[in-house]
Amino acid sequence: MSFLNSRRFSLGSRGLALCGAVLLATACASTSPTADTRAAAAAPTGAPVKVKVFVAAMFEIGQNTGDRAGEFQHWYERYWKGATPVAVPGALQPVYCNADGVCGAVLGMGKVNSSSSMQAILLNPKFDFSQAYYVISGVAGTPPQRGTIGEVSWATWLVDYDLGHRWAPEENKPGEPTFMPRKGYEEYRRFKLNPDLVGWSMKLSADTPLKDAESARKYRLRYPDAAARRAPFVGTGTHMTGDTFFHGPGMSKQAQYIAKLYGADDYVITEMEAAAITLVIKRTHGTDRVMSLRGAVNFDQGNPKESTLQHLDPAPGETAGGFAETVENIALVGTRVVDHIVKNWPTWSAGVPKP
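What counts and how
Residues numbered from 1 in each chain as written. Predicted model: local features only at pLDDT ≥ 70, side-chain atom pairs only at ≥ 80, totals over all residues. Heavy atoms only, no water. Helix = DSSP H or I, 4+ residues; strand = E, 2+ residues; numbered from the N terminus. Buried < 20%, exposed > 50% of the residue type's maximum accessible area, 1.4 Å probe, protein only. Contact = heavy atoms within 4.5 Å. Areas by Shrake-Rupley, 256 points an atom, 1.4 Å probe, with all protein chains shown as cover. Expected span 1.5 Å × (residues − 1). Core = buried A, V, L, I, M, F, W, Y, C linked by side-chain atoms within 4.5 Å. 1 Å grid on protein atoms, 1.4 Å probe; cavity = no way out; pocket = protein on both sides within 12 Å on 5 of 7 lines; lining within 4 Å. Points joined across faces, edges and corners; volume = space filled by probe spheres on them. Nonpolar A, V, L, I, M, F, W, Y, C, P; charged D, E, K, R; others polar. Disulfide = S-S within 2.5 Å. Axes fitted to C-alpha atoms, helices over the stretch in contact; angles between N-to-C directions. Parallel < 35°, antiparallel > 145°, perpendicular 65-115°, else oblique. Left-handed = near helix turned anticlockwise from the far one by under 90°. Salt bridge = Lys/Arg side-chain N within 4 Å of Asp/Glu carboxyl O.

Novice: Even after reading the chapter, I still don't get the overall build of the protein chain, so can you show me in this structure?
Specialist: The helix and strand inventory of the protein chain stands at eleven helices and 15 strands. Per-residue burial for the protein chain yields a buried fraction of 57% across its 355 residues. Pairs at least 24 apart in sequence give 77% of the contacts found in the protein chain among residues at least 6 apart. Summing over all exposed atoms, the protein chain offers an accessible surface of approximately 14000 Å²; the carbon and sulfur share of this is 54%.

The structure is reproduced here in structure tokens:
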């Protein structure tokens, strides 16, 4: 999806090979068990942990603290530094919790990887998720017509990009869409997140001062779009979930077409996990308390002077930059909401208050 230069930039269009350009050789370190996992403590005895907020990240570059930050490190350093890891059979990485009921884990990249970890954690008797809120957190791509490098976006809708029928453009009438929804999957392919919770998220975080990088500022100028040239901001819109690392203006246009076909808001973020994770949560606890938070580290297409393949395989120094600042921005925005919920738990425990 064009996180191509994000995690698809980590692995493709949600990142230009995060495992390549952005995260280098260590980018995929957290996709396999670490020493932290192997040393994870056994389940604590006694009553299960009452989870107030669960933060789900998809990967970490190296260690959880003290080195180059991926999606989890800033969250870890704020809430779980020194916490005992709790091993969960079936989950990629251990779960961490603090005394305030804020828990989190690295789930793995992609729909199957992340959702299987989430299900294992939700069903584990060590935790009580009956009143939990969820923040699905990570990096992403964005279309230059609607977003910019370093921005942070709260999802209003989550749409599955993959469920449907596709065919080659040359087998179609020129200019017509090459996608058709698969009937019978309506409850699996789109999720409208709780508007009141989205409203609260924006109310609490819209004015968050965001980091920016000189490299990102220069990179934005390659694009003529006003949105692409903006400084980082906090916004909302549809997040498109797909295992396919789509990239280029044609595929971006198709993502917007699918969003509108499903009655969702404008497509603003491409990522790889949120719709699948939300489906797992829906089957166990519903979706009223689910939040999806993404930071854009790449555009889902090249600028008008480069081909899609040139943008997919940039020369050294030609990537967007701003990755470190974006992962910090995600946590700066998200922790405002997490801290508010925990601080006001008597009000939030029964459900989302009216904004």
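Novice: Sorry if this is basic, but what is going on with helix α8 (residues 274–285) here?
Specialist: Structurally, the α-helix is built with 3.6 residues per turn, so residues lying three or four positions apart point the same way. With twelve residues, α8 should reach 16 Å at 1.5 Å per residue; the first-to-last C-alpha distance of 16 Å fits that figure. Among all positions of α8, only A274, A275, A276, I277, T278, L279, V280 and I281 are buried. Just past α8, the residue G286 takes up positive phi, approximately 85 degrees.

Novice: Explanation requested: the nonpolar core in the structure shown.
Specialist: A general feature of soluble globular proteins is that nonpolar side chains tend to end up buried together. Judged by nonpolar contacts, the single largest core of 73 residues is most densely connected at F54, W75, W80, M118 and I121. Element by element, the count of residues in this core is highest for helix α10 (residues 323–343), at nine residues. The contact partners of W80, leaving out residues within four places of it in the chain, are V55, F72, W75, Y96, C97, N98, V102, C103 and G104. In terms of nonpolar packing, the next biggest core, distinct from the first, is built from twelve residues, F179, Y262, A264 and Y267 among them.

Novice: Explain empty space enclosed by the protein to me, please; I cannot follow it from the model alone.
Specialist: Scanning the entire structure with this criterion turns up one cavity of 30 Å³ or more. The space that makes up the largest cavity amounts to roughly 40 Å³. In terms of lining, the largest cavity is formed by W154, A155, L193, N194, L197, V198, S201, V290, M291 and S292. Secondary structure elements with two or more residues in the lining of the largest cavity: β9 (152–160), α5 (195–205) and β15 (290–299). Taken together, the residues of the lining of the largest cavity sort by class into seven nonpolar, three polar and no charged.

Novice: Can you help me understand the state of the cysteines in this one?
Specialist: By definition, a disulfide links the sulfur atoms of two cysteines through a covalent bond. On inspection of all chains with the given rule, the structure shows one disulfide. What pairs with C97 in a disulfide is C103, and their sulfur atoms sit 2.0 Å apart. On the S-S bond that ties C97 to C103, the torsion sits near 110 degrees, and the link is right-handed. Given a relative accessible area of 19%, C97 falls into the buried group. The buried category is assigned to C103, whose relative accessible area is 1%.

Novice: Where do I start with the packing of α5 against α10 in this structure?
Specialist: A pair of packed helices can be characterised by two numbers: the angle between their axes and the separation between those axes. For the pair α5 and α10, the least separation of the axes is 9 Å and the interaxial angle reads 110 degrees. With respect to each other, α5 and α10 are oriented roughly perpendicular. The handedness of the crossing between α5 and α10 is right-handed. Of α10, the residues touching α5 (which contributes W200, S201, L204 and S205) are V333, R336, V337 and H340. Broken down by class, the residue content of the contact of α5 with α10 amounts to four nonpolar, three polar and one charged.

Novice: Explain the side chain of K111 here, please?
Specialist: Mapped onto the elements of the fold, K111 is located in helix α3 (residues 111–122). According to the relative accessible area criterion, K111 is buried, its value standing at 12%. Excluding residues that lie within four positions of it along the chain, K111 makes contacts with D160, D162, T241, D243, M272, E273 and A276.

Novice: Before we go on, may I ask you to explain the pattern of salt bridges in this structure?
Specialist: Pairing of side chains with opposite charge becomes possible as their charged atoms draw close. In the structure shown here, the tally under the stated rule is 16 salt bridges. Between E328 and K211 there is a salt bridge whose closest N-O contact spans 4.0 Å. Note that E328 is positioned in helix α10 and K211 in the loop between α5 and α6 (214–220), a separation of 117 residues in sequence. Using a relative accessible area of 38% as the deciding quantity, one classes K211 as partly exposed. For E273, the salt bridge goes to R294, with nearest N and O atoms at 3.0 Å. Here R294 lies in strand β15 and E273 lies in the loop between β14 (267–271) and α8, a separation of 21 residues in the sequence. Like E273, the residue R294 is buried in the burial classification. Among the ionic contacts, a cluster of salt bridges with common partners joins D212, E214, R217 and R220.

By themselves, these are just geometric observations and shouldn't be taken as functional.
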